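Analysis of the macromolecular model
Residues per chain are reported as follows:
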Amino acid sequence: MLSSLATSLTDAGRTTTGEAILFWVLAIVMVLAAGGLLFARKAVHAALSLVVVMIGLAFLYVAQDAPFLGVVQVVVYTGAIMMLFLFVLMLVGVDASDTLTETLRGQRWVAALAGLGLVVVLAGVVGRAHYGPAVGLTDANGASNPVALARLVFGSYAFALEAVGALLITAAIGAIMLTHRRRMTPRVTQRARSTARVLSGTLAGKPVPGVYARHNAMDVPALDPQGRPIEESVSRVLRVRGQEADAREYAARIDRVLSGDWANTVRPPLTATSETSSAPATDDSDAAEKSDEEAKA
Amino acid sequence: MLITGITTDAAWSGAALAPWLVGIPLLSAAVLLLAGRRSDRWGHWLGVLAPLASLVIGVVLLFSMLSVPGGSRTATVSLGRWIDAGTFHLDAGFRIDPLSLTFVLLVTFVGTLIHVYSVAYMEHDADRRRFFAYMNLFVAAMLLLVTASSYLLLFVGWEGVGLASYLLIGFWNHNPVYAAAAKKAFVANRIGDVGLIVAMGLLFSHVGALDFATVDAAVPHLSTGAVTAIGLMLLLAACGKSAQFPLQSWLGDAMAGPTPVSALIHAATMVTAGVYLVVRSNAIFTAAPDARLVVTIVGAISLLFGAIVGCAKDDIKKALAASTMSQIGYMMLAAGLGPVGYAFAIMHLVTHGFFKAGLFLGAGSVMHGMDDQTDMRGFGGLGRTMKITYFTVMAGWLAILGMFPLSGFWSKDPIIEAAFVPQDGQTWRAWVFGLVALLGAGITSFYMSRLFFMTFEGKRRWTTKTDGTPQHPHEAPALMTVPMVILAIGSVGLGAFLAVGDRFTRWLEPVTGPRGDGQAVLPGWLLITLSLVLVIGAAAYAWTRYAVAEVPATPPVGTLVTRAARKDLYQDVVNDAALVVPGRMLTRSLVFGDRAVVDGAVSGIAKSTVKVGDLARKVQTGHVRSYAATMTLGVVVLAVVVLLLGS
Amino acid sequence: MTLTHYVVLAAILFSIGATTVLVRRNAIIVFMGVELMLNATNLALVTFSRMHGNLTGQVLAFFVMVVAAAEVVIGLAIIISIFRTRRSASVDDVNLLKG
């Protein structure tokens, strides 16, 4: 399939019509995807846009008689590098810096000016340059593109290849060194953790969110005995994202219950120990979820 | 210094002993200073022996010198080549002639007596050994000053006595006032020293030599202007050392030192070094009438100045210090008169050395008996309790008054008479200086009588000691009274001994030349009568005011002149306004200039650098994206430039 | 259509990548902008290779990819260690160079 995509040039150095169609379609898609990288609110979307651009590039490589590079592009870039990006995104997590709000004064205008200027200047350079008639790679590729490339890489550029190999090893070791953390404190075992928790007196842990049977109600904070919402009962991620629900509405409902509107409802007496974990309604599954979350934290 | 052995051209034997004059006290001072506390027990006796040994050498030299006729008495003793620079050669040598030998005998004789006196006077001072070390150092330096054969070696001694004076004025330097007085004396002396240095520089450039013999021989060939300049510079030096107007302000404060110091250094010897310098340079001054006139004027002013100040001082030592200044004014006046007065200047110097030292020692004895009190208003009637002191001071008092036949009469009246001799045919000078000298004699009589009567006559005005116990005035021990008695004998008889048959004048003739002839504008018998009448009248007036009448314990407000005189005629104020304040202004403006211009340039550059850096700092936001934006814009601009240039 | 169009496309992608570096605050996205710039360069290299009928351009693009891989490894490691100490992946928070 790849070889069938490869097209040859006309004598005037112009491409075939098929290639032109492929180019225009891909060019539009790639520029739009690159715009996604520039404008996407979420880092994952940006990464996915970049994946689109890279795959498009792989197609263009193949279209330009460079099938080996096209494959490498897909394998190395889209397959390895972009996956690495996604892993790091997962590790770092949601961050306030994802927003597009500009914090540096005038930076956005400077950036726009620089970007447009770059486009204009580069286009100017490209436009003013004089190219001879395009030669095409039919002769150079010979039998096949990978073979011809291999002759070059392991021939004229063998030394550069060795150097790049050393570079890769160095980079790998460097990455290990950079991300390695020396343990400064003794390892905290599960036993030590549970002992500490028993000694701290807060056996039940942090309060769980007030989970109501209305939607995925992890976003509703729990209420303390005075009816005030407890902020830390909601997951940190939800709080950072601003997806927290307003607790006052639920507090008002409880007030109504306490004032006796629901005459049949009898509230169990509050004990001193349940003060920190006074979720109005909790079931076992919620508690399990909560302890999971705590373990993660 | 290369010592090739002592050589001498003396026509008389014993001249080779001359270096030991200086050497023995110097050695003694070194021993006392280096041995430290170990020599505390016997150090003061070594200190007494050193000037005594010098005195013995001096006497030996005197008799040896007297054995030859006047013309061949001058001898030079060389220690060898000292400075050998190109065409300039200078020997370290001693010049022993009647003038220097006179000083040697005065310094060692009075010095020995004062050393003996000090043994008792300083008995209770923990640092008596150090005191004697400094005193010996002074004697050595003073002897070097008067025996040196060149201006340069004289300068060494000159500085030596300045150092010793500084050390001894500030001997009790734990008292900041005394330490300041020492510093003041030192600084005032330095001003005079500049004069001596400049004079030596002028001599070097005009004569090319600094030894007395060569200079004296070369002076007649010099221009009057050069000789006058040298003379004036030497006068400046003399003014500094001898506390003459206008460098007199330090002498009163110098009384901060122990009384024997005041007696030896600031009355009898060191302060007369200026007179010595003028007389020693008589060849220069004889050739420069204008410089001599200035010397006379300075002497006349100092004479009156000191006398007026002396009338108002209640501190017995400060009154004596003012008197010293006044008496040295007489000597300067005489020296300024030229050949007619050189011998009398030195003669008055010698007799003054005796009676003023005696007076100071008497004052020390009074202080000894009165718990170191110096205010004369707290004395009175002491003559009945301190008989020996009373009579010795009386001898000094009558001598300084110029009473016939005591020493002062024989030395001071010739000066007054000489002052009445017209100089260079100008009679107005004779009248002016003569009348000043005569008037000075009258004022001297008044203030010295005031001092004497306030201390020894009249009612007892003693107060309590500093510790509150009543005063018990008592006579000093024999170690103190014996020197006083010997000095009193000198005060009484020395003048007649020296003056009879012009003995002293002829003795000095090899140095000062023959005494010039001159007819005074008034006959001699009239002058003597006038001065005696004036002196007795002033003394009688003082008797009525300070012996018969009550002396108030607190000084009355007094007239304008009295108040000015108490403040030393505002000499400190004038010095302050004329020198200290402008000097301070100059240094301030220099400091300001330094800060504004020099520092301003330096720190201006630094500040502008900082400001530029501050501006540049704003560019450095620390944000990677700003840097990246700058880089990108730079690339764009570069590319645009390349594109435009490439077309 | 000529090969120049490829080069122009490469220029546009390069500029968008550069702008991304300038505009985005998340270090990882900034890094992606760098990758986009590298890719745009590769496209230009491949195009020139075809234009001149010389495979050296492709070899160079290949090496660029390898070096970019090494660079990404180190860069992401740096981002992670910064994130560990400062709890932030924003390039604006790292401003120790501020004068």
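The structure this text deals with has already been given above.
Residues numbered from 1 in each chain as written. Chains lettered and ligands numbered in written order. Predicted model: local features only at pLDDT ≥ 70, side-chain atom pairs only at ≥ 80, totals over all residues. Heavy atoms only, no water.

Details of the pairing of strand S2 (residues 75-85) of chain B
Residues and elements named next belong to chain B. Direction of pairing for strand S1 (residues 7-8) relative to S2: antiparallel, over a ladder of two bridges. Bridge assignment links Thr8 to a residue of S2, and that residue is Val77. The pairing of S2 with strand S3 (residues 88-96) spans nine bridges and is antiparallel. Bridge assignment links Ser78 to a residue of S3, and that residue is Gly93. (Pairing = 2+ DSSP bridges. Helix = DSSP H or I, 4+ residues; strand = E, 2+ residues; numbered from the N terminus.)

Points about a positive patch on the surface
On the surface, a cluster of positive charge is made up of Arg181, Arg183, Arg187, Lys206, Arg236 and Arg239 of chain A together with Arg87 of chain C. Looking at the secondary structure, you find Arg187 of chain A in the loop between helix H8 (158-179) and helix H9 (190-200). Taking relative accessible area as the criterion, Arg187 of chain A reaches 62% and is therefore assigned exposed. (Patch = residues over 30% accessible without salt bridge, like charges linked within 9 Å, V, L, I, M, F, W, Y side chains within 5 Å. Areas by Shrake-Rupley, 256 points an atom, 1.4 Å probe, with all protein chains shown as cover. Salt bridge = Lys/Arg side-chain N within 4 Å of Asp/Glu carboxyl O. Lys, Arg positive; Asp, Glu negative; His and termini not counted. Charge placed at Lys NZ, Arg CZ, Asp CG, Glu CD. Buried < 20%, exposed > 50% of the residue type's maximum accessible area, 1.4 Å probe, protein only.)

Description of the sheet that holds S3 of chain B
Residue and element names in this part refer to chain B. Reading across the sheet, the three strands line up as S1-S2-S3 and stay open at both edges, with antiparallel pairing between neighbours. Edge positions in the sheet fall to S1 and S3, since each of these pairs with one other strand and no more. Lying on the sheet, helix H1 (residues 18-35) is in contact with S2 and S3; it crosses S3 at an angle near 85°. (Contact = heavy atoms within 4.5 Å. Axes fitted to C-alpha atoms, helices over the stretch in contact; angles between N-to-C directions.)

Points about the interface of chain C and chain A
Across the contact, 71 residues belong to chain C and 88 residues belong to chain A. Of the roughly 7,100 Å² buried between chain C and chain A on both sides combined, carbon and sulfur atoms contribute 75%. If you look at where chain C meets chain A, you find one salt bridge. Counting across the interface, chain C meets chain A through 15 residue pairs in polar contact (both at pLDDT 80 or more). Counting only elements with at least two residues in the side of chain C that touches chain A, the list comes to helix H1 (4-23), helix H2 (27-52) and helix H3 (56-86) of chain C. (Buried area = accessible area lost by both parts, 1.4 Å probe. Polar contact = N/O pair within 3.5 Å; in protein donor to acceptor, adjacent residues only side chain to side chain.)

What about the pattern of salt bridges?
Residues and elements named next belong to chain B. The full count for this structure, using the stated rule, is 15 salt bridges over all chains. The partner of Arg81 in a salt bridge is Asp91, with the nearest N and O atoms 2.9 Å apart. Of this pair, Arg81 sits in strand S2 while Asp91 sits in strand S3, and the two are 10 residues apart along the sequence. For Asp91, a relative accessible area of 32% corresponds to the partly exposed category. The salt bridge involving Arg377 is made with Asp314; its shortest N-O contact spans 2.8 Å. Remark: Asp314 occurs in the loop between helix H13 (289-312) and helix H14 (316-336) and Arg377 occurs in the loop between helix H15 (342-369) and helix H16 (387-401); sequence separation between them is 63 residues. As far as the burial class goes, Arg377 and Asp314 line up, both buried. Three or more residues are tied together by salt bridges with common partners; here these are Arg37, Asp40, Asp127, Arg129 and Arg130.

Concerning the environment of Ala133 of chain B
Residue and element names in this part refer to chain B. Checked against the element boundaries, Ala133 lands in helix H4 (residues 128-147). Sequence spacing of Ala133 and Val31 is 102 residues, and the spatial spacing of their C-alpha atoms is 8.1 Å. In this structure, Ala133 is in contact with Ala29, Leu32 and Leu33, ignoring residues within four places of it in sequence.

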